[in-house]
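An overview of the molecular structure
Each chain is listed here by its residues.
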Amino acid sequence: MVQSRQHAAGETPPPPRERIVAVARELFYRHGVHTVGVELIAEAAQTNKMTLYRHFKSKDDLVVEYARQLAAEGDAVWSRLAETFPDSPQKRLDAWVDHVEEVLTSRFERGCALANAAVELQATHPARSVIEDYKRRKRENLVKLFHDADYRDPDMLADEVFLLFEGARISIQCGGRGPALRAVKMLRDLLANAPRNPATT
């Protein structure tokens with residue numbers, strides 16, 4: 001069973017809400033949103049259902065917070081790239097490809113947590129809009145990146161890269177790590193061969 005991290009003597013444990021969200025993230029990603037109940041989450045977070053419901057009115061609210069945190073972390077990747085390489089679209093692009101490689105080759109990767117959750121959730125679930133908005137922003141960030149890097153058709157390239165990356169993560173989720181590992185070379189080849197605008201002088 002998943003349990004909150006044990007703390008050294010004198011170390012203050014995280015507050016209950018933080019423990020609940022941390023445990024829920026791990027359990028939802030490992031077992032799926034529907035499979036994991038609030039009793040298991042409360043027990044693993046070393047608290048109780050009453051405390052859980054004091055912070056989250058329902059399991060659905062906890063799922064929304066799960067999606068929000070994941071989306072915020074994904075958005076932060078783009079913010080870091082922009083801050084680190086403000087004047088070099090090519091360096092931003094190279095760093096993003098390195099990030100993709102790191103994600104796909106991680107032994108902890110079990111597919112995109114947001115995509116996994118979306119498959120389980122009904123279209124009317126409030127977390128779905130969080131996930132859909134994030135995926136839309138991700139595509140828009142790709143379009144901007146490819147536009148700034150002078151690719152001739154950034155929209156088309158963004159769609160191709162988006163589907164390649166998302167498809168590779170779904171492949172991992174289904175146990176096909178081999179094809180996903182080859183996706184990085186496919187991505188680099190795609191970017192190397194995609195037409196760019198001629199350099200201006």
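For the structure itself, consult the block above.
So, a few notes on the structure that sits alongside this text.

Thresholds applied
Residues numbered from 1 in each chain as written. Predicted model: local features only at pLDDT ≥ 70, side-chain atom pairs only at ≥ 80, totals over all residues. Heavy atoms only, no water. Helix = DSSP H or I, 4+ residues; strand = E, 2+ residues; numbered from the N terminus. Buried < 20%, exposed > 50% of the residue type's maximum accessible area, 1.4 Å probe, protein only. Contact = heavy atoms within 4.5 Å. Salt bridge = Lys/Arg side-chain N within 4 Å of Asp/Glu carboxyl O.

**Some points on unusual backbone geometry**
For residues that are not glycine, phi is negative in most cases, and the peptide bond is trans in most cases. Even without glycine at this site, glutamine 46 takes up a positive phi of about 60°. With respect to the helices and strands, glutamine 46 occurs in the loop between helix 2 (38-44) and helix 3 (49-55). Among the residues examined, glutamine 46 registers a relative accessible area of 42% and is labelled partly exposed. The backbone of aspartate 150 shows a phi angle near 70°, a positive value even though the residue is not glycine. Counting through the fold element by element, aspartate 150 comes out in the loop between helix 7 (126-148) and helix 8 (154-173). The class for aspartate 150 is partly exposed, based on a relative accessible area of 43%.

**A few points about the environment of phenylalanine 165**
Along the chain, phenylalanine 165 turns up in helix 8. For phenylalanine 165, a relative accessible area of 7% translates into the label buried. Once residues lying within four places of it in the same chain are set aside, the contact partners of phenylalanine 165 are Trp96, Val100, Val103, Leu104 and Lys138.

**Describing the pattern of salt bridges**
Going through the model one piece at a time under the given rule, you end up with 16 salt bridges. Two residues, aspartate 133 and arginine 136, come together in a salt bridge whose shortest N-O distance is 2.5 Å. Taken together, the residues span about one helical turn, with aspartate 133 and arginine 136 both in helix 7 at a distance of three residues. For aspartate 133, a relative accessible area of 29% gives the class partly exposed. Look at arginine 136 and you get partly exposed, because its relative accessible area is 46%. For arginine 139, the salt bridge identified is with aspartate 159, shortest N-O distance 2.6 Å. Taken together, the residues arginine 139 in helix 7 and aspartate 159 in helix 8 connect sequence positions 20 residues apart. For arginine 139, a relative accessible area of 25% translates into the label partly exposed. Members of the salt-bridge network, linked through shared partners, are Arg92, Lys144 and Asp148.

No statement about biological role is implied by the geometric values presented.
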